[in-house]
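# Observations on chain architecture
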Amino acid sequence: VEKTFYAVTQDLVTSINDQQACEQDGGSPISYFLDFSNAKEEVEILGVLYDKKILDAEDYYFDEDENQIFINDSFLNDLKYGENTLSIVTSNNNVNVKVIKANKFIRTPADLASIGESVEALNGYYILANDIDLTSYLSFGGEGYNEGKGWNALGVYVETTDGTATANAFNGTFDGNGFTIKGLR
């Protein structure tokens, strides 16, 4: 069987921002700005594709005035944790964008400490949302003082031979997102 394939190399629609992060039950949509400046003709948004399926119309919205496509929180809550790829289907080409979904954004020392509260939490996906200074949190009178012993480890490794050594260890993902944690002792 003979087939002919064509690769589009011009008139492409692109995304100005191709990656966004969201948190489970975050309550707000995420958005991507599209660049139509290279398109010579009027371009339509035909849909958004995820996992080989077109999203329902209520799962996204395109603002033509701002060239911005919004992905609604109701759809985001159903995504798997970690990196997900969506494809914005236009009449010219597909624009691939990424959604990184976290169980929780880590904003405070208490958020960071909460990762160690359960085995489920130890297996989660976390994104640091800002710099965190633990100095006052771990100081005398601070919420994490811990009788002066310093930071409580997030999870524990137990030396065993029965295969359960990492059952209570941190087995999740922690994305520092370019931020720092200081004052850890």
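See above for the structure.
Presented here is an overview of the structure given in this document.

Calculation rules
- Residues numbered from 1 in each chain as written.
- Predicted model: local features only at pLDDT ≥ 70, side-chain atom pairs only at ≥ 80, totals over all residues.
- Heavy atoms only, no water.
- Helix = DSSP H or I, 4+ residues; strand = E, 2+ residues; numbered from the N terminus.
- Rg over C-alpha atoms; globule rule 2.2 N^0.38 Å.
- Buried < 20%, exposed > 50% of the residue type's maximum accessible area, 1.4 Å probe, protein only.
- Contact = heavy atoms within 4.5 Å.
- Areas by Shrake-Rupley, 256 points an atom, 1.4 Å probe, with all protein chains shown as cover.
- Pairing = 2+ DSSP bridges.
- Phe/Tyr/Trp six-rings, centres within 6.5 Å; stacked < 30°, edge-to-face > 60°.
- Lys NZ or Arg CZ within 6 Å of the ring centre and 35° of its normal.
- Core = buried A, V, L, I, M, F, W, Y, C linked by side-chain atoms within 4.5 Å.
- Salt bridge = Lys/Arg side-chain N within 4 Å of Asp/Glu carboxyl O.
- Patch = residues over 30% accessible without salt bridge, like charges linked within 9 Å, V, L, I, M, F, W, Y side chains within 5 Å.
- Lys, Arg positive; Asp, Glu negative; His and termini not counted.
- Charge placed at Lys NZ, Arg CZ, Asp CG, Glu CD.

## Some points on the overall build of the chain
When helices and strands are tallied, the chain shows four helices and 14 strands. On C-alpha atoms alone, the chain measures out to a radius of gyration of 22 Å, which is more than a quarter above the 16 Å that the 2.2 N^0.38 rule sets for 185 residues. Overall, the C-alpha framework of the chain stretches about 70 × 40 × 30 Å when taken along its three principal axes. The buried share of the chain, taken over its 185 residues, is 37%. The contacts in the chain between residues at least 6 apart in sequence include a share of 59% that link residues at least 24 apart. When the accessible surface of the chain is summed, it comes to about 11,500 Å², and 47% of that surface belongs to carbon and sulfur atoms.

## Overview of the sheet that holds strand β6 (residues 60–63)
In space, the four strands of this open sheet follow the order β1-β3-β7-β6, with antiparallel pairing throughout. Every interior strand has two partners, whereas the edge strands, β1 (14–15) and β6, have only one. Pairing of strand β3 (residues 30–35) with strand β7 (residues 68–71) involves four bridges; the strand directions are antiparallel. When the sheet's bridge partners are listed, Tyr32 is paired in β7 with Ile69.

## Notes on the packing of aromatic side chains
Scanning the entire structure with this criterion turns up six aromatic pairs. The aromatic ring of Tyr81 is capped on one face by Lys101, whose charged end is 4.8 Å from the ring centroid.

## Some words on the nonpolar core
Counting residues in each nonpolar core, the largest one holds 24 residues, and the members touching the most others are Leu34, Ile69, Ile71, Phe75, Leu76, Leu86 and Val99. Core analysis: the next-biggest nonpolar cluster, separate from the first, contains 12 residues, Ala121, Ile132, Leu134 and Tyr137 among them.

## Digging into the pairing of strand β4 (residues 45–50)
Taken residue by residue, a regular strand's side chains alternate between the two faces of the sheet. Bridge analysis of β4 against strand β8 (residues 82–90) gives four bridges, and the strand direction is antiparallel. Across the sheet, Gly47 pairs through a bridge with Val89, a residue of β8. Sheet topology note: the β4/strand β5 (residues 53–54) ladder contains two bridges and is antiparallel. The partner of Tyr50 across the bridge, within β5, is Lys53. In sequence, β4 turns back onto β5 through a hairpin of two residues, with Asp51 there showing a positive phi of about 55°.

## Digging into the pairing of strand β9 (residues 94–102)
Two strands pair when backbone bridges link them, and strand β2 (residues 19–23) and β9 are joined in this way by five bridges, in the parallel orientation. Opposite Gln19, over in β9, you have Lys98 as the bridge partner.

## Description of the pattern of salt bridges
If you walk through the whole model with that rule in mind, you get four salt bridges. Between Lys149 and Glu147 there is a salt bridge, with its nearest N and O atoms 3.8 Å apart. A relative accessible area of 62% places Lys149 in the exposed class. What makes Glu147 exposed here is its relative accessible area of 66%.

## So, the sheet that holds β5
Strand order in the open sheet formed by five strands is β2-β9-β8-β4-β5, with mixed pairing between adjacent strands. Looking along the sheet, the strands with just one partner apiece sit at the ends: β2 and β5.

## Some details on a negative patch on the surface
Negative charge collects at one region of the surface, where Glu42, Glu44, Glu64, Asp65 and Glu66 lie side by side. Relative to the helices and strands, Asp65 resides in the loop between β6 and β7.

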